Amino acid sequence: MFPERIETERLVLDALTHENVDVFDLYSHISHDAPNIDEITEHVTWDPHATPKETKDFIDTMEKNRAEGEGAEFVIRLKEGEIDVSSESSTESDEIVGLTGLNMKWERRTGTLGMWLRKPFCGRGYSGERAAALMELAFETLDLELVAVDHCDGNEQSKRAIQKYIEAHDGQYDGLLRNWHPDGDEVHDAHRYTVTREQWQESQDGDEL
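All of the points below concern the structure found in this document. (Residues numbered from 1 in each chain as written. Predicted model: local features only at pLDDT ≥ 70, side-chain atom pairs only at ≥ 80, totals over all residues. Heavy atoms only, no water.)

## Some remarks on the environment of Lys119
Locating Lys119 in the fold gives a position in the loop between β7 (110-117) and α4 (126-141). For the pair Lys119 and Arg130, spaced 11 residues apart in the sequence, the C-alpha separation amounts to 16 Å. Setting aside residues no more than four positions away along its own chain, Lys119 makes contact with Asn36, Glu39 and Ile40. Polar contacts involving the side chain of Lys119 include one to the side chain of Glu39, which spans 2.9 Å. (Helix = DSSP H or I, 4+ residues; strand = E, 2+ residues; numbered from the N terminus. Contact = heavy atoms within 4.5 Å. Polar contact = N/O pair within 3.5 Å; in protein donor to acceptor, adjacent residues only side chain to side chain.)

Right, here's the structure in full:
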């Protein structure tokens, strides 16, 4: 149902599976010792992984969700020749940039976007680029009627990125969701944005004019 690979102008999105991702490689970017991990996880609802086993279990779950049609998670990598800002050079490696996904709510005909990026790769428009690709997947392949995305209250970096690509696809801000994301002993408010199939199609038609 879900593609194994999606390519955009600068990115390659590969299915998050054991075949495509080395457990220890991913763990090195999402463990307690990963660079900037506290900043990356400050406004998200997952905690840094304590052991490689936790990362293995996470990939297992993503494979299961994909097989059962509940969601499509992808590892984000740069296309060959795209500037790798962590080394200030072009890259030919399969270095992990981040993860992204589309969580399915079939009964609502809705897909919800999610993403995190390693800090060196933030601020380059990758969020909007992969969002455009996943919206195309949602509306043209999966026949959904709505794509949604939210960010925790206070996450200004995500807010700016989301507002930019939501506006580019003629979407809208739906409002504040109180006590939306449980996180240990806390529950975070979230801001929700949506793009309907009709809004997305109008934005596509406008791009062709």
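After that view of the structure, there is still more to cover.
## Describing the state of the cysteines
As enumerated under the stated definition, the model contains zero disulfides in all. Here Cys122 is not cross-linked by a disulfide; its sulfur's nearest cysteine counterpart is in Cys152, at 16 Å. With a relative accessible area of 6%, Cys152 lands in the buried category. (Disulfide = S-S within 2.5 Å. Buried < 20%, exposed > 50% of the residue type's maximum accessible area, 1.4 Å probe, protein only.)

## Focus: the nonpolar core
Soluble globular proteins tend to pack their nonpolar side chains together in the buried interior. Judged by nonpolar contacts, the single largest core of 32 residues is most densely connected at Leu113, Met135 and Tyr165. Secondary structure elements with two or more residues in this core: β2 (11-15), β3 (71-78), β6 (98-105), β7, α4, β8 (146-152), α5 (156-168) and β10 (186-196). Looking at this core element by element, the count peaks at eight residues for α4. If near-sequence neighbours (up to four positions away) are discounted, Met135 is found in contact with Leu113, Val147, Tyr165, His169, Val195 and Trp200. Judged by nonpolar contacts, the second largest core, of 12 residues, contains Leu16, Val23, Ile30 and Ile40. (Core = buried A, V, L, I, M, F, W, Y, C linked by side-chain atoms within 4.5 Å.)

## What to know about the pairing of β7
Here β6 runs beside β7; their pairing, made up of eight bridges, is antiparallel. Among the inter-strand pairings, Gly101 is bridged to a residue of β7, identified as Gly114. Judged from the three bridges that link them, β7 and β8 form a sheet pairing that is parallel. Opposite Thr110, over in β8, you have Leu146 as the bridge partner. Each parallel crossover has a hand, and the one from β7 via α4 to β8 is right-handed. (Pairing = 2+ DSSP bridges. Right-handed = clockwise from strand over helix to strand, strands pointing away.)

## Considering the pattern of salt bridges
Applying the stated criterion to the full structure yields 17 salt bridges. Between Arg192 and Asp174 there is a salt bridge, with the nearest N and O atoms lying 3.4 Å from each other. Taken as a pair, Arg192 in strand β10 and Asp174 in strand β9 (residues 172-183) lie far apart in primary sequence, 18 residues in all. (Salt bridge = Lys/Arg side-chain N within 4 Å of Asp/Glu carboxyl O.)

## Side note on a negative patch on the surface
A contiguous patch of negative charge on the surface is contributed by Glu167, Asp170, Glu198, Glu202, Asp205 and Asp207. Ranked by the residues each element gives to the negative patch, the list is headed by helix α6 (residues 197-208), at four residues. (Patch = residues over 30% accessible without salt bridge, like charges linked within 9 Å, V, L, I, M, F, W, Y side chains within 5 Å. Areas by Shrake-Rupley, 256 points an atom, 1.4 Å probe, with all protein chains shown as cover. Lys, Arg positive; Asp, Glu negative; His and termini not counted. Charge placed at Lys NZ, Arg CZ, Asp CG, Glu CD.)

## Regarding the packing of aromatic side chains
Aromatic rings in a pair are described by how distant their centres are and how their planes are angled relative to each other. For the structure on display, the rule yields three aromatic pairs. Their ring planes at 35° and their centres at 5.4 Å tell us that Phe139 and Trp200 sit as a pair that is tilted. Highlighted residues: Phe139 in helix α4 and Trp200 in helix α6, separated in sequence by 61 residues. There is no split in this pair, since Phe139 and Trp200 are both buried. Taking 5.0 Å as the distance between ring centres and 50° as the angle between the ring planes, the aromatic pair formed by Tyr173 and Tyr193 counts as tilted. With Tyr173 in strand β9 and Tyr193 in strand β10, the pair connects residues that are 20 residues apart, well separated along the chain. A relative accessible area of 4% places Tyr193 in the buried class. The ring of Phe74 carries the charged tip of Arg66 above its face, separated from the ring centre by 5.1 Å. (Phe/Tyr/Trp six-rings, centres within 6.5 Å; stacked < 30°, edge-to-face > 60°. Lys NZ or Arg CZ within 6 Å of the ring centre and 35° of its normal.)

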